[in-house]
Amino acid sequence: MPWPPLILYSKPGCHLCEGLAEKLQQIPEVRELEIRDITSNPLWWEQYSLEVPVLKVAGDPERPLPRPSPRLTVAQLRSWLGQQLGGLSGG
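Residues numbered from 1 in each chain as written. Predicted model: local features only at pLDDT ≥ 70, side-chain atom pairs only at ≥ 80, totals over all residues. Heavy atoms only, no water.

**Examining the packing of aromatic side chains**
What counts, and what does not: Here is the rule: rings of Phe, Tyr and Trp (six-membered ring for Trp) pair when centre to centre is within 6.5 Å. Planes less than 30 degrees apart are stacked, more than 60 are edge-to-face, and the remainder are tilted. Helix and strand assignments come from DSSP, with helices taken as H or I runs of at least 4 residues and strands as E runs of at least 2, each series counted from the N terminus. Whether a residue is buried, partly exposed or exposed follows from its accessible area with a 1.4 Å probe, protein chains only, as a fraction of its type maximum: under 20%, in between, or over 50%, in that order.
For the structure on display, the rule yields 2 aromatic pairs. A centroid spacing of 5.5 Å and a plane angle of 80° characterise the contact between Tyr9 and Trp44, whose relative ring orientation is edge-to-face. Note that Tyr9 is positioned in strand β1 (residues 6-10) and Trp44 in helix α2 (residues 42-48), a separation of 35 residues in sequence. The two residues Tyr9 and Trp44 agree in class, both being buried. For the ring pair Tyr9 and Tyr48, a centre distance of 4.3 Å and an interplane angle of 35° mean the geometry is tilted.

**A short note on the nonpolar core**
So the rule is basically this: Residues enter a nonpolar core if they are buried and are Ala, Val, Leu, Ile, Met, Phe, Trp, Tyr or Cys, with the set joined through side-chain atoms within 4.5 Å. In this description, contact between two residues means that some pair of their heavy atoms is separated by no more than 4.5 Å.
Leu6, Leu24, Leu65 and Leu81 are the most contacted members of the largest nonpolar core, which totals 16 residues. Breaking this core down by element, the ones donating at least two residues are β1, α1 (15-24), β3 (54-57) and α3 (74-86). Among residues more than four places away in sequence, those in contact with Leu24 are Leu6, Leu8, Val30, Leu33, Leu55, Leu77 and Leu81. Counting 9 residues, the second-largest nonpolar core is a separate cluster that includes Ile7, Tyr9, Cys14 and Val54.

**What about the pairing of β1?**
For clarity, the threshold we go by: A pair of strands is considered paired only if DSSP assigns at least 2 bridges between the two. A clockwise course of the path from the first strand over the helix to the second, judged with the strands pointing away from the viewer, identifies a crossover as right-handed.
In terms of burial, β1 is a largely internal element, 5 of the 5 residues being buried. When β1 meets strand β2 (residues 33-37), the two strands line up parallel, connected through 5 bridges. Paired with Ile7 across the strands is Glu34, a residue of β2. In this fold, β1 hands off to α1, which returns the chain to β2; that crossover is right-handed. Here 4 bridges tie β1 to β3, and the two strands are oriented antiparallel to one another. Across the sheet, the residue bridging to Leu8 is Leu55, located in β3.

Below is the structure:
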């Protein structure tokens with residue numbers, strides 16, 4: 001079963017953001033990943049400027065995920081995400 005769409009709040013020059021985005025793009029179950037540049041939206045900047053990278057499950061409302069360790073390998077991140085998303089009931 002494919003995973004729900006994910007949103008990554010990021011900003012230019014954020015190495016943690018870039019690293020996480022790169023890993024997420026290598027995970028086959030991540031079919032949809034929207035990367036949002038918080039510098040393009042004052043509301044996002046206000047909410048996330050000190051928090052990025054912020055990973056959320058898309059939806060209304062968006063559901064925040066805990067921040068994964070930047071040390072995780074792609075395989076470990078995939079496993080971690082599977083556990084996080086496994087608790088989602090359909091829809």
